[in-house]
Amino acid sequence: MADGGNGDLPMLEAPPSYGRQTCSSIDALPYIDSDYADPRVKAEVDRLVEEEMRRSTKKPADFLNDLPPLPTFNFQEYPMVGREYERVRAGRPPVALDRSRYELETPTVSKRNDETAWKQALQRSQRLLQYQITRMENLDLLLKYGPDAWKQHNNRLEVYLTRMQKLAQELNEKIEKVNRERKYHQQNTAYELDALSMQWKDLCQKNIAIQTACASLEARIIELETEAAERGWNLEAITENGTLAQFRSMTLAP
């Protein structure tokens, strides 16, 4: 039954051999099977499926158990990416950027007379100045060459988009062709399936009639044998003399 605590609805449980079915095992005929279009049939099918799902012990979280495990990622050549992957996997928050080296700080009051502290502050200010100069140079280069670079990038994206659209169109055409062929073959086969279905029903009815007649004859034979036993007739002796068939023909005659 379903677990009311987490709202997890059990899934259908199938034998292990059904875990990976191939396309050849699918026998659905959607273009000629119209029974499911009947609301009563659909309601009954949905009821049976839901009942089977609730009886099953398999949960939605278990549906990936039959698939092979994911490959193990190896970040030996990229240790930084490996550390970030482990951080995300463990659910830890990202490390904040250290902006202290971009801040211009003067020596504290206790180190105002320390020459080493002033030299470190001067070196930090020189680094910040060079950083700002580099930023301005990058901005100038971006203003000069950025538009053309973006145009080339957009052109490459358009070429890639065109190629993907063409590929998608080819795949859609193949899918449409397969669907048309399926519909054509199923509709052409529907007449043969209907004829075979009617023939099967007729044979089933004939078999039922034959079984009914056989059961009636067997009951009549048992009744006659009982009557013969009550009259004291020795059927075994009659059988040995070869007259049992004549006896039955006379007794079964109307």
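All values derive from a computational prediction rather than experimental measurement. Per chain, residue numbering runs from 1 following the sequence as it is written. Predicted model: local features are reported for residues with pLDDT of at least 70 only, side-chain atom pairs are reported and counted for 80 or more only, and whole-chain, interface and lining totals are derived from all residues. By convention in this description, side-chain values take in all heavy atoms of the structure and omit both hydrogens and water.

Novice: Quick one: what's the story with the overall build of the chain, residue by residue and with numbers?
Specialist: The helix and strand inventory of the chain stands at 5 helices and 0 strands. Only protein chains enter the area calculation, which uses a 1.4 Å probe; residues under 20% of their type maximum are buried, those over 50% are exposed, and those in between are partly exposed. Within the chain, the fraction of its 254 residues that count as buried is 7%. The contact definition used throughout considers only heavy atoms, calling two residues in contact when any of these lie within 4.5 Å. Nonlocal contacts in the chain, meaning residues at least 24 apart in sequence, comprise 61% of its contacts between residues at least 6 apart. The Shrake-Rupley method, run with a 1.4 Å probe sphere, supplies the accessible areas, and residue values consider only the shown protein chains as cover. In the structure as shown, the chain presents an accessible area of about 22700 Å², 58% of it carried by carbon and sulfur atoms. Put simply, DSSP marks the helices as runs of H or I at least four residues long and the strands as runs of E at least two long, and each gets a number from the N terminus on.

Novice: Tell me about the pattern of salt bridges, and name the residues and values.
Specialist: Should a side-chain nitrogen of Lys or Arg be within 4 Å of a carboxyl oxygen of Asp or Glu, the pair is scored as a salt bridge. Applying the stated criterion across every chain, the model contains 11 salt bridges. Between R55 and E51 there is a salt bridge, with its nearest N and O atoms 3.1 Å apart. One end of the pair, R55, and the other, E51, are both in helix α1 (residues 39-55), 4 residues apart, so they sit about a helical turn from each other. Taking the relative accessible area as the measure of exposure, E51 reaches 36% and is therefore partly exposed. Ionic pairing is found between R87 and E84, a salt bridge with its closest N-O pair at 2.4 Å. Placement of both R87 and E84 in helix α2 (residues 79-90) is noted, with a separation of 3 residues, approximately one turn of the helix. Its relative accessible area of 12% is what places R87 among the buried residues.

Novice: Break down helix α3 (residues 115-231) for me, citing the residues and quoting the values.
Specialist: Look at α3: only 140 Å from first C-alpha to last across 117 residues, short of the 174 Å you get at 1.5 Å a residue. Bend at a given residue is defined as the angle between two axes, one fitted to the seven residues that end at that position and one fitted to the seven that begin there. Along its length, α3 shows its largest kink, about 55°, at Y145, and proline P147 lies within four residues downstream of that point. Taken as a whole, α3 has its buried residues at A117, A121, L128, G146, Q186, A190, L224 and A228. Two or three places before T116, at the start of α3, stands the capping residue D114, its side-chain oxygen 3.1 Å from that residue's backbone nitrogen. After α3 finishes, the residue G232 shows a positive phi value of roughly 85°. To estimate the expected span of a helix, count its residues, drop one, and scale the result by 1.5 Å. Polar contacts, as counted here, are pairs of nitrogen or oxygen atoms within 3.5 Å of one another; within protein the pair requires one atom able to donate a hydrogen and one able to accept it, and residues that are adjacent in sequence qualify only if both atoms are side-chain atoms.

Novice: Requested: an account of α2, with residues and values cited.
Specialist: In a regular helix each residue adds 1.5 Å, so 12 residues correspond to 16 Å; α2 covers 16 Å between its end C-alpha atoms and thus fits that length. Phi turns positive one or two residues past the end of α2, at G91, with a value near 80°.

Novice: Explain a nonpolar patch on the surface to me, and be specific about the residues and the numbers.
Specialist: On the surface, a nonpolar cluster with roughly 280 Å² of combined accessible area is contributed by Y36, V41, V45 and V49. Along the chain, Y36 turns up in the segment before α1. Two distance rules govern patches: like charges are joined within 9 Å, and nonpolar side chains (Val, Leu, Ile, Met, Phe, Trp, Tyr) within 5 Å, applied only to residues with over 30% relative accessible area and no salt bridge.

Novice: Go over the confidence of the model for the chain with me, naming the residues and quoting the values.
Specialist: Mean pLDDT over the chain: 81, with 81% of residues reaching 70 or higher. Note on residues 1-24: pLDDT is under 50 here. Beyond four places in sequence and across chains, it has 38 contacts. Scored from 0 to 100, pLDDT records how confident the predictor is in each individual residue.

Novice: Mind laying out the side chain of R87, listing which residues take part and the relevant values?
Specialist: Reaching out from R87, the side chain makes a polar contact with the side chain of E84 at a distance of 2.4 Å. Excluding residues that lie within four positions of it along the chain, R87 makes contacts with R92, P93 and P94.

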